[in-house]
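# Geometric and topological summary
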Amino acid sequence: LTPTQITSLLTIFYSSLYRASLFPRQISETTSDGRLVHWSPYVTSIDDRVQYGPISTDSGFWDAWNTIYPLLAITNRPMLSVTVQGWINAYKEGGWLPKWASPGYRNGMVGTMGDVALAEAIVSDIPNIDIDAAYAAIRRDAFEIPPAKNGGVGRLCLEGYLQKGYIPRGGPITTGGECTEVVSRTLNYLQSDYAIAQAAAKLGYSDDVTTLRNRYQN
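Quick look at the structure, then. (Residues numbered from 1 in each chain as written. Predicted model: local features only at pLDDT ≥ 70, side-chain atom pairs only at ≥ 80, totals over all residues. Heavy atoms only, no water.)

### Some thoughts on the pattern of salt bridges
Inspection of every chain in the model, using the stated rule, returns ten salt bridges. For the salt bridge of Asp33 with Arg35, the shortest nitrogen-to-oxygen distance reads 3.4 Å. Look at Arg35 and you get partly exposed, because its relative accessible area is 42%. We note a salt bridge from Arg139 to Asp208, for which the minimum N-O separation is 2.8 Å. In this pair, Arg139 sits in helix H5 (residues 131-143) while Asp208 sits in helix H8 (residues 206-216), placing the two residues 69 residues apart along the sequence. The partly exposed category is assigned to Arg139, whose relative accessible area is 32%. (Salt bridge = Lys/Arg side-chain N within 4 Å of Asp/Glu carboxyl O. Buried < 20%, exposed > 50% of the residue type's maximum accessible area, 1.4 Å probe, protein only. Helix = DSSP H or I, 4+ residues; strand = E, 2+ residues; numbered from the N terminus.)

So this is what it looks like as structure tokens:
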């Protein structure tokens, strides 16, 4: 390649990397003593709204778990570290990973694909993240029925998935009524279970590996 061609390719690459790094984004601020602080949309008490650490937003994961997160794991691990810790902090403050943070919990996703992003961070040894909390967050999605009438957290239709290994059409849904989009939900749950199993293996949770492997092999 000529120097001009190389420059052109680098321009394309770095322009694309810049745009790919715009979302998810941070809504944290830096205090006068250099600490990150944020207003939390996840806590239930107004007295606890101000929390320390990063907080991430503007991601539904469905188009990011297999694009921007793997890219950042290769090209910008410091940025990915802050982003992932922002999701972990959301779990710590609200008890669940968000499915579509804008910010806060929103019912807009048929899966919990944040599980894949956090699992990959664990497996890839992304630094400066709370690994124990990260695994607790993704494990909760895989094993716990979400609260009734709350579509913004957890895996809706999880009961049918656990019973049959797939989500049957017309089965009960946590938010009320019957399960829809059952093929997409099933495929997303299988993908998440595969990813969580890899994180479980990395951390030595052999019982979880066995359970999740039996699921994703469906």
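Here the narrative resumes.
### Side note on the state of the cysteines
This model, assessed by the stated rule, comprises one disulfide. In this model Cys157 forms its disulfide with Cys179; the gap between the sulfur atoms is 2.0 Å. Handedness here is read from the sign of the S-S torsion; for Cys157 and Cys179, about -125 degrees, the answer is left-handed. With a gap of 22 residues between them, Cys157 in the loop between H5 and helix H6 (158-164) and Cys179 in the loop between H6 and helix H7 (182-203) connect regions that are remote in the sequence. (Disulfide = S-S within 2.5 Å.)

### Some points on the side chain of Thr112
With respect to the helices and strands, Thr112 occurs in the loop between helix H3 (77-94) and helix H4 (114-123). At a separation of 2.5 Å, a polar atom in the side chain of Thr112 contacts the side chain of Asp115. At 3.3 Å, the side chain of Thr112 forms a polar contact with the side chain of Arg155. Those residues in contact with Thr112 that lie beyond four places of it in its chain are Lys99, Asp141, Gly154, Arg155 and Ser192. (Polar contact = N/O pair within 3.5 Å; in protein donor to acceptor, adjacent residues only side chain to side chain. Contact = heavy atoms within 4.5 Å.)

### Quick look at the sheet that holds strand E2 (residues 29-30)
Strand order in the open sheet formed by three strands is E2-E3-E4, and the pairing between neighbours is antiparallel. The open sheet is flanked by E2 and strand E4 (50-52), the only strands paired with a single partner. (Pairing = 2+ DSSP bridges.)

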